[in-house]
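Notes for the structure review
Spelled out, the chains give:
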Amino acid sequence: MKTDRKGFKLLFLFMMTMLVMSACGRGPAGSAGSGGAKDSTLVITMLGDADYLNPVIGSSVTSSNISGLIYPGLLQSEFDSTTGLLNFMALKKTFRPPTGSRKPDGALAKTWTMASDHKSITYILRSDAFWDDGKPIVSGDFKFTYRLYGNPLIASPRQQYLAELVGADKGVVDFDRAIETPNDTTLVFRFYKPVPEHLALFHTSLTPLPAHLWKVVKPEDFRSSPHNQKPVGAGPYKLKTWAQQQELVLASNRQSNLPKPGNIPFINWRIVPDYTVRLAQLQTNAADIVENIKPEDFSSLLKANPGIEIRSVGLRVYDYVGWSNIDQTIYHKSGKILPHPLFGSPDIRRALTLAIDRESIIDGYLKQYGTLCNTDISPSLKWAYNASISSYAFDQSAAAAIFRKEGWLPGPDGILQKNGRKFSFVLYTNAGNARRNYASVIIQQNLKAIGIDCRLDVQESNVFFENLQNRKLDAWMAGWSIGLEIDPLDVWGSDLKKSTFNFTGYRNPRIDELCELAKERLVQTDARPYWLEYQEIIHRDQPVTFLYWIRETQGFSKRIHDEEVNISGTFYNIDDWTLRPSATIAP
Amino acid sequence: MLIYILKRLLLSIPLIFGVLTLTFFIIRLAPGDPAAFFIQPGISPNVAEQIRAQYGLNDSLPVQYFKWLSNVLQGDFGRSFSRAQQPVFDVIAGALPITMTIAALTLVANFTFGIIIGIISAVRQNSFIDRFLTVTALFFYSMPEFWFALMMIIVFALKLQWFPASGLNEIGAESFGPLGFMLDRMWHLVLPVTVLSINGAAGIARYVRGSMLEVIRQDYIRTARAKGLPENIVIFHHALRNALLPVITLMGSSLPFIFSGALFIEVIFAFPGMGRVTVEAIFARDYPLIIANTFISGTLIVLGNLLADVLYAVADPRIRL
């Protein structure tokens, strides 16, 4: 009988628990819908957690979004959507006339002076800025933090920003000469060469850390320091709680004057790895923001919950089909650079682009959230974009004519052949990207129609990127997310050893020249003619087939107000947002 | 028995070390680079190199192995590459309580429902209720967990809105008080535990039914009935105890599951449990974390098997260790 009773006792207990659980279900469910904690909390769901809440080493997108709210900045930046140029603002000076609603109140710098030889920039800092522990923010904090950014033991992913400082040309930045702090409110950066003002502002405005707290931490212990989990900042928000891989809660920082305490009392970043569940959360109002919603889910989402809207940001991400321009087997064996037997000729690459129906990929998948891509300069960067380039329209007969002209003729099996070699290859892509899967199938069909045998293969992401880096693939499909500063030399530079992201092996000395010329201009917009020519050449040579720009789409709850969403990010002015109905804190 | 247990434990040490050594080399042979994330335009190419130096990946493989071995022998499994350099056991300690709560609830539900359904099916063999339970159990058993979980979310979280779609607690649950907080936590666990236990209970029910049917046909059951004992004593006291022997093996082999987590459920319901720790570590090529996970699950499999063997002896006096 013992087993019998014990079993029933257990079952009874379990049933009771289940009952209690379902009974109590109603309470919290009600509070999720209206009133209570939810009214003062903005809920953002994220795919992955923050790594370090430390601007020197934080590398995930979530980390930068959150660090941006916790730490103060030397300058405020603003993206001008009419020109695509970045603007920098100090309290009493702006680089360009402001265009948006963004105010410079959060900047630590009052003003700056660029030396006439463009080899130094001097900032005057405000004296009324304090870290959360009450210590003043001084120029020494910047100098201290820049040393950390440049320390190889710390391996900051932002060390590229120090590339123009004195000593960087010789391999090691000479911090004593490169950064001077004559007093607590004066900060001088010195460069080894003349630097355009916009670049100087961009590269000298890295976020500072409180030196008085961090100076006791040894560089080798920097990454494992507990300060990374309990940041002391000065921005509009501070960290309230952080349950790793689960949720991170920020609370409005009531003592902040940089620029002010955040309007919404709490921001809750929840980690929800599954896309379907993120969608469900948005639909049931359990979340206010879900990023990167797929176009195929828009209609059902908006129908199920009219309290949601879809916001799209600028064009920063594009997909492309990469064709190896060089014969990689020979290159790896002997270092000799010869054209690839299939994709070596620009005419053939152009024909491949003509043969692919890019519009139908956009119509079928991205719809109004995609636009044809001609080169890697985004239409959002209007000041440099070449609008006069006309896209290659889908034209298979023109493509077939080019192949004939190049000597590729149909064999007995219908596949194009030249000197006994079939036009047959494997198109690789990485696993887990529905958009690229969709596109690759259309590409395969399009190419088959003109007698090209294209087989598809999906590789695990790590393996795929390693193969790409080692230039092992003949043809692949991938994407790039571009920065707001144009710097394409990494991707197209002719020195294949230096340009590690030139996976195609494309080489054109004029492209190298144009990139250098553009960089040398001290006024950013003076580089426009170079970028126009650059786009013409890239469009003509088609080192890759550019497919489409993707307008990233974010789901927003309509209870969020005063938000401004643009190419520099979904959370661009999040400290100014309000929730309605809401319990915003009194100013 | 004590000597037997000690012998088994001693034997398991070289076994686990062998597993760890194999894992150490296999993950390093797999393509992919823990510093790959830092290889992208706009990031200095030095960063990946510096990161590799920090992780000690620039040494030759044998050097890496001996360094690792000497650390492990001192109990130091290292720091995670992908999770902000936390000591690997801190990462595991963070994920384990969540996984264990879910797994413990699931196991209780699994075995309770599984045994009850199994007994009913066996006692009422070939009746309508047996066929109904068998078909239902098979139906749920053959359903993929992730799909079932998504269906449960669609029905109970999206349409009916009875249960939350994911997470461990409501926003602001701290203000509900300790009891409210606990009830809120349980309310969040209903869907995942249901998904996991329906699937598992269905399997256990099949085992129990099979072994119960075998036992019921034995002579001693006929004797018990002939003695005039009431049917429920015959079933529960005489038959069940013997029929549960194979279930004990199942219990032993369920032990690693308690600690290893249920990946799909953790991903879908957004629980930061062990399943996610393991898989994310593999994708990020987080070598120390992968090895620490292998260590934990390897040890538990060995202990689980040992526990099952010991439980056999406890349940069945004929088995001597």
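Residues numbered from 1 in each chain as written. Chains lettered and ligands numbered in written order. Predicted model: local features only at pLDDT ≥ 70, side-chain atom pairs only at ≥ 80, totals over all residues.

1. Section: the overall build of chain A
Check the secondary structure of chain A and you find 18 helices and 22 strands. On C-alpha atoms alone, chain A measures out to a radius of gyration of 27 Å, which is about the 25 Å that the 2.2 N^0.38 rule sets for 587 residues. Oriented by its inertia axes, the alpha-carbon framework of chain A measures out at about 85 × 75 × 45 Å. The 587 residues of chain A split such that 43% are buried. Taking the intrachain contacts of chain A between residues at least 6 apart in sequence as the baseline, contacts between residues at least 24 apart amount to 65%. (Helix = DSSP H or I, 4+ residues; strand = E, 2+ residues; numbered from the N terminus. Rg over C-alpha atoms; globule rule 2.2 N^0.38 Å. Buried ≥ 20, exposed ≤ 12 C-beta atoms within 10 Å, placed from the backbone. Contact = placed C-beta atoms within 7 Å.)

2. Examining the overall build of chain B
When you go through chain B residue by residue, the secondary structure sums to 13 helices and 0 strands. For chain B, the sequential pattern of α-helices and β-strands runs α-α-α-α-α-α-α-α-α-α-α-α-α. When its C-alpha atoms are laid out on the principal axes, chain B stretches across 85 × 55 × 40 Å. The buried share of chain B, taken over its 321 residues, is 40%. Of all intrachain contacts in chain B linking residues separated by at least 6 positions in sequence, the fraction that spans at least 24 positions is 72%.

3. Here we look at the sheet that holds strand β6 (residues 179–180) of chain A
Residue and element names in this part refer to chain A. Pairing is antiparallel across the open sheet formed by 4 strands, whose spatial order is β4-β5-β7-β6. With one partner strand each, in any of the chains shown, β4 (109–114) and β6 form the two edges of the open sheet. In this structure, strand β5 (residues 120–125) lies alongside strand β7 (residues 186–190), joined through 5 bridges in antiparallel fashion. Residue pairing for β7: Ile-121 is matched across the bridge by Phe-189. (Pairing = 2+ DSSP bridges.)

4. Looking at the pairing of strand β20 (residues 544–557) of chain A
Residues and elements named next belong to chain A. Burial within β20 is extensive, with 10 of its 14 residues counted as buried. With 2 bridges connecting them, strand β11 (residues 289–290) and β20 associate as antiparallel partners. Each residue of the ladder has a partner; that of Ile-289, found in β20, is Phe-556. Summarising the sheet, strand β12 (residues 308–323) and β20 pair through 12 bridges and their orientation is antiparallel. Across the sheet, Leu-315 pairs through a bridge with Arg-551, a residue of β20. The pairing of strand β13 (residues 370–372) with β20 spans 3 bridges and is antiparallel.

5. Observations regarding the packing of helix α5 (residues 128–141) of chain B against helix α7 (residues 177–216) of chain B
All names here are of chain B. The N-to-C vectors of α5 and α7 enclose an angle of 130 degrees; their axes lie 8 Å apart at closest approach. Taken together, the axis directions place α5 and α7 in an arrangement best described as oblique. Here α5 runs over α7; the crossing is left-handed. Packed against α5, whose contacting residues are Ala-137, Leu-138, Phe-140 and Tyr-141, the element α7 presents Ile-198, Asn-199, Ala-202, Gly-203, Ala-205 and Arg-206 at the interface. (Axes fitted to C-alpha atoms, helices over the stretch in contact; angles between N-to-C directions. Parallel < 35°, antiparallel > 145°, perpendicular 65-115°, else oblique. Left-handed = near helix turned anticlockwise from the far one by under 90°.)

6. Remarks on the environment of Lys-418 of chain A
Residue and element names in this part refer to chain A. Tracing the backbone through its elements, the reader meets Lys-418 in strand β15 (residues 416–418). On a C-alpha basis, the gap between Lys-418 and Lys-92 in space is 67 Å, while along the polypeptide they are 326 residues apart. Each residue touching Lys-418, except ones within four places of it in the same chain, is listed here: Gly-407 and Trp-408.

7. Digging into the interface of chain B and chain A
As a measure of interface size, the accessible area lost when the parts come together is often cited. Chain B puts 58 residues into the contact, and the matching count from chain A is 59 residues. Contributing elements (two or more residues each) for the side of chain B that touches chain A: α2 (45–55), α4 (88–123), α6 (145–159), α7, α9 (231–243) and α11 (263–268) of chain B.

8. Some details on the environment of Met-251 of chain B
Residues and elements named next belong to chain B. Mapped onto the elements of the fold, Met-251 is located in helix α10 (residues 245–260). Overall, the presence of 17 C-beta atoms within 10 Å leaves Met-251 in the partly exposed class. Each C-alpha atom, one on Met-251 and one on Met-152, is 27 Å from the other, the two residues being 99 residues apart in sequence.

9. Some words on the packing of helix α11 (residues 346–355) of chain A against helix α13 (residues 396–405) of chain A
Residues and elements named next belong to chain A. Where α11 meets α13, the axes come as close as 8 Å, and the angle between the chain directions of the two elements is 155 degrees. Regarding the angle of α11 to α13, the classification is roughly antiparallel. As for how α11 packs across α13, the hand of that crossing is left-handed. Residues Asp-347, Arg-350, Ala-351, Leu-354 and Ala-355 of α11 lie in contact with α13, whose contacting residues are Gln-396, Ala-398, Ala-399, Ile-402 and Phe-403. Split into classes, the residues belonging to the contact of α11 with α13 amount to 7 nonpolar, 1 polar and 2 charged. (Nonpolar A, V, L, I, M, F, W, Y, C, P; charged D, E, K, R; others polar.)

10. Details of the environment of Ser-156 of chain A
Within the secondary structure, Ser-156 of chain A sits in the loop between α4 (139–150) and α5 (175–178). Residues Ser-156 of chain A and Ile-57 of chain A, 99 residues apart in the sequence, show an inter-C-alpha distance of 5.0 Å.

11. Comments concerning the sheet that holds strand β14 (residues 409–410) of chain A
Residue and element names in this part refer to chain A. Taken in spatial order, the 3 strands line up as β14-β15-β16 in an open sheet, and their pairing is antiparallel. If you trace the sheet from one side to the other, it starts and ends with β14 and β16 (421–422), each paired once. With 2 bridges connecting them, β14 and β15 associate as antiparallel partners. For Leu-409, the partnering residue across the bridge sits in β15 and is Gln-417.

12. Description of the confidence of the model for chain B
Per-residue confidence for chain B gives a mean pLDDT of 85; residues scoring 70 or more make up 98%. Here the complex is predicted with pTM 0.83, and the ipTM for its interfaces comes to 0.76. (pLDDT = per-residue confidence, 0-100.)

13. Notes on the confidence of the model for chain A
Confidence in the prediction of chain A, expressed as mean pLDDT, is 89, and 93% of residues score 70 or more. Of the regions scoring below 50 in pLDDT, residues 583–587 of chain A engages in 10 contacts with residues more than four places distant in sequence or in other chains.

14. Examining unusual backbone geometry
Residues and elements named next belong to chain A. Here the bond from Leu-258 into Pro-259 is cis, since omega is -5 degrees, no more than 30 degrees from zero. On the secondary structure map, Pro-259 appears in the loop between β9 (247–252) and β10 (266–271). Of note, the phi angle at Ala-155 is positive, near 55 degrees, even though the residue is not glycine. As for its placement among the helices and strands, Ala-155 is situated in the loop between α4 and α5.

15. Notes on the pairing of β7 of chain A
Residues and elements named next belong to chain A. With burial as the criterion, only one face of β7 is covered, namely that bearing Leu-187 and Phe-189; the residues Thr-186, Val-188 and Arg-190 on the opposite face remain uncovered. As judged from the 2 bridges shared by β6 and β7, these two strands associate in the antiparallel manner. Each residue of the ladder has a partner; that of Glu-180, found in β7, is Val-188. Two successive antiparallel strands, β6 and β7, enclose a turn made up of 5 residues.

16. What about α7 of chain B?
One turn of the α-helix equals 3.6 residues, which is why residues spaced by three or four share an orientation. For α7 of chain B, with 40 residues, the first-to-last C-alpha span of 51 Å runs short of the 58 Å given by 1.5 Å per residue. Its maximal kink placed at Leu-189 of chain B, α7 of chain B deviates by approximately 40 degrees, while the proline Pro-192 of chain B follows within four residues. (Expected span 1.5 Å × (residues − 1). Bend = angle between axes of the 7 residues up to and from the residue.)

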